[in-house]
Amino acid sequence: MKMIRREESTAPPHWGLALGNVMITDSEIAAFRADTGFLIISCKLFPESSQPMMAPLTIIVTGKSSVTHAPERGTIRFSVKGNGPQQDQVASLVASLSTSLQNWFKSTFHSWSDDHPDPPLTKFSSTSIKTWTKSTDKHDQPVQNLHYASISFKAVFRDFTKLNQAIEELLGYHKVEIDGLDWSLTDETGRQLASNARKLALRDAIQQADDYSEVLGRQVSVVEITDHGMSPYRATHRDLVMAPSFGGHPGEDPAPLDLTPQDIDVESQVNVTFQAA
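Residues numbered from 1 in each chain as written. Predicted model: local features only at pLDDT ≥ 70, side-chain atom pairs only at ≥ 80, totals over all residues. Heavy atoms only, no water.

## Description of the overall build of the protein chain
Stated precisely, the cut-off is as follows: In DSSP terms, a helix is any run of H or I states spanning at least four residues, a strand is any run of E spanning at least two, and both are numbered starting from the N terminus. The buried label applies to any residue whose accessible area, calculated with a 1.4 Å probe on protein chains only, is under 20% of its type's maximum; exposed applies above 50%, and partly exposed to all values in between. Whether two residues are in contact is decided by their heavy atoms: any pair within 4.5 Å suffices. Each accessible area value is a Shrake-Rupley result obtained with a 1.4 Å probe; residue values ignore everything except the protein chains displayed when judging cover.
Counting secondary structure elements, the protein chain contains three helices and 10 strands. Going from N to C terminus, the protein chain has its helices and strands arranged as β-β-β-β-α-β-β-α-β-α-β-β-β. Scored against the burial criterion, the 277 residues of the protein chain give a buried share of 28%. Look at the contacts in the protein chain between residues 6 or more apart in sequence, and 75% of them connect residues 24 or more apart. Summed over its atoms, the accessible surface of the protein chain is roughly 17900 Å², and 51% of this surface lies on carbon and sulfur atoms.

## Focus: the nonpolar core
Our working rule: By convention a nonpolar core is built from buried Ala, Val, Leu, Ile, Met, Phe, Trp, Tyr and Cys residues, the set being connected through side-chain atoms within 4.5 Å.
Core analysis: the largest hydrophobic core is formed by 32 residues, its most contacted members being Ile76, Phe78, Phe105, Phe157 and Leu170. Mapped onto this core, the elements with two or more residues apiece are strand E4 (73-84), helix H1 (87-109), strand E5 (121-133), strand E6 (147-157), helix H2 (160-170), strand E7 (176-184), helix H3 (187-216) and strand E10 (264-276). Considering each element in turn, this core owes the most residues, seven residues, to H1.

## Let's talk about the side chain of Thr273
You can see Thr273 is positioned in strand E10. If we ignore the near neighbours within four places in the chain, the residues touching Thr273 are Thr58, Ile59, Ile60, Ser221, Val222, Val223 and Glu224.

## Some details on the environment of Gln87
Its place among the elements puts Gln87 in helix H1. Judged by its relative accessible area of 41%, Gln87 falls in the partly exposed class. Sequence separation of Gln87 and Ala149 is 62 residues, and the distance between their C-alpha atoms is 8.2 Å. Apart from the residues within four sequence positions on either side, Gln87 is in contact with Thr131 and His147.

## Quick notes on the sheet that holds strand E3 (residues 57-69)
Note the cut-off: Pairs of strands are assigned from DSSP output, requiring at least two bridges between the strands. With axes taken as lines fitted to C-alpha atoms, and helix axes fitted only over the stretch in contact, angles between N-to-C directions fall between 0 and 180 degrees.
In space, the three strands of this open sheet follow the order E3-E10-E8, with antiparallel pairing throughout. Pairing within the sheet leaves two strands with one partner each, and these edge strands are E3 and strand E8 (220-227). Strand-to-strand, the axes of this sheet are offset by a mean angle of 30°, without reference to chain direction. Examined bridge by bridge, E3 and E10 share 13 bridges and lie antiparallel to one another. Paired with Thr62 across the two strands is Asn271, which belongs to E10. Helix-sheet contacts for H3 involve E3, E8 and E10, and the interaxial angle to E3 is about 145°.

## Looking at H2
Stated precisely, the cut-off is as follows: When we speak of the arc, we mean the arc of directions from the helix axis to the C-beta atoms. As used in this structure description, the phrase polar contact means that two N or O atoms lie within 3.5 Å; if the pair is within protein, one of them must be able to donate a hydrogen and the other to accept it, and residues adjacent in sequence are counted only when both atoms belong to side chains.
Taken together, the buried positions of H2 are Leu163, Ala166, Ile167 and Leu170. Around the axis of H2, the buried residues are gathered within 100° of arc, so they sit on the same side. Of the exposed residues in H2, those oriented more than 90 degrees away from the buried face are Thr161 and Glu168. For H2, the secondary structure elements touched by its buried residues are E4, H1, E6 and E7. At the N-terminal boundary of H2, the capping side chain belongs to Asp159, with an oxygen 2.9 Å from the backbone nitrogen of Thr161.

## Description of the packing of aromatic side chains
Given two aromatic rings, their pairing is described by the distance between the two centres and the angle made by the two planes. Let me state the cut-off plainly: Stacked, tilted and edge-to-face pairs are distinguished by plane angle, under 30 degrees for stacked and over 60 for edge-to-face with tilted covering the rest, among Phe, Tyr and Trp rings (Trp via its six-membered ring) whose centres lie within 6.5 Å. For a Lys NZ or an Arg CZ to count as sitting over a ring, it must be within 6 Å of the ring centre and within 35 degrees of the ring normal.
Under the criterion given, the structure shown has 12 aromatic pairs. Pairing Phe78 with Phe124 gives two aromatic rings, centres 6.4 Å apart and planes at 40°, and the pair type is tilted. With Phe78 in strand E4 and Phe124 in strand E5, this pair connects stretches of sequence that are 46 residues apart. Relative accessible area serves as the criterion here: at 0%, Phe78 is assigned to the buried category. Between Trp132 and Tyr148, the aromatic rings sit 5.2 Å apart at their centres with planes inclined by 10°, giving stacked as the arrangement. Pair noted here: Trp132 is in strand E5 and Tyr148 is in strand E6, with a separation of 16 residues, a long-range link. Under the relative-accessibility criterion, Trp132 is labelled partly exposed at 33%. Taken together, the ring pairs connect Phe78, Trp104, Phe105, Phe109, Phe124, Phe153 and Phe157 into an aromatic cluster. Over the ring of Trp132 we find Lys130; its NZ or CZ atom is 5.8 Å from the centre of that ring.

And the structure:
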């Protein structure tokens, strides 16, 4: 709005209001001349266009990702078990075979050469020792060999060819059960892939919000991120029983042992809240 001056040859100078984009009807104009010579116009302003204020909008999406990687470690879980009528003899038999197997694992797989500077076996440990008595069978009939004992072990390999060799050796023992075979990653690789998965999950959430904002014609910005606290990665477990004499039924074939390395899935999930302007 600005004041303009209108020149008249026979009257004192007059001043009026020059308004841009103003609609003034006859009924809305009231003018009079005062002694000062001013022309005063009262009017109502009507903008050419007006848009209502948009209400705040919150968008909440869940971003997900999954990264696949070949396993770097293979873990055999096996148990040495025995049963008999006398507890001392059973415990002695299980302990003797367990010691023999420990010595074989360490002497065979803990060594390394110039061609293979890292030993194929990264860890070997016993995980549990148990003894128990079971005087009746599943039909509540008395049993002769009522005393039991077992020692469980875990052997972690980086060389999968040597892992297969160890399994072949264990299959030759009647009192050894292979409980399972696990595939996993090293801690360093697991952390790196977990980091990548988190980034991909966040990018997935941002892409979803961008899709919504494109349709709505509004800009979005992140206001909150909630991590679901998932484990870095999910190792692949295969539970197996290769000797049915202790847990299976007579005449049953043992479960097949799949030695194919299983890929590891590293997953992430995150909730992201966006504010649309």
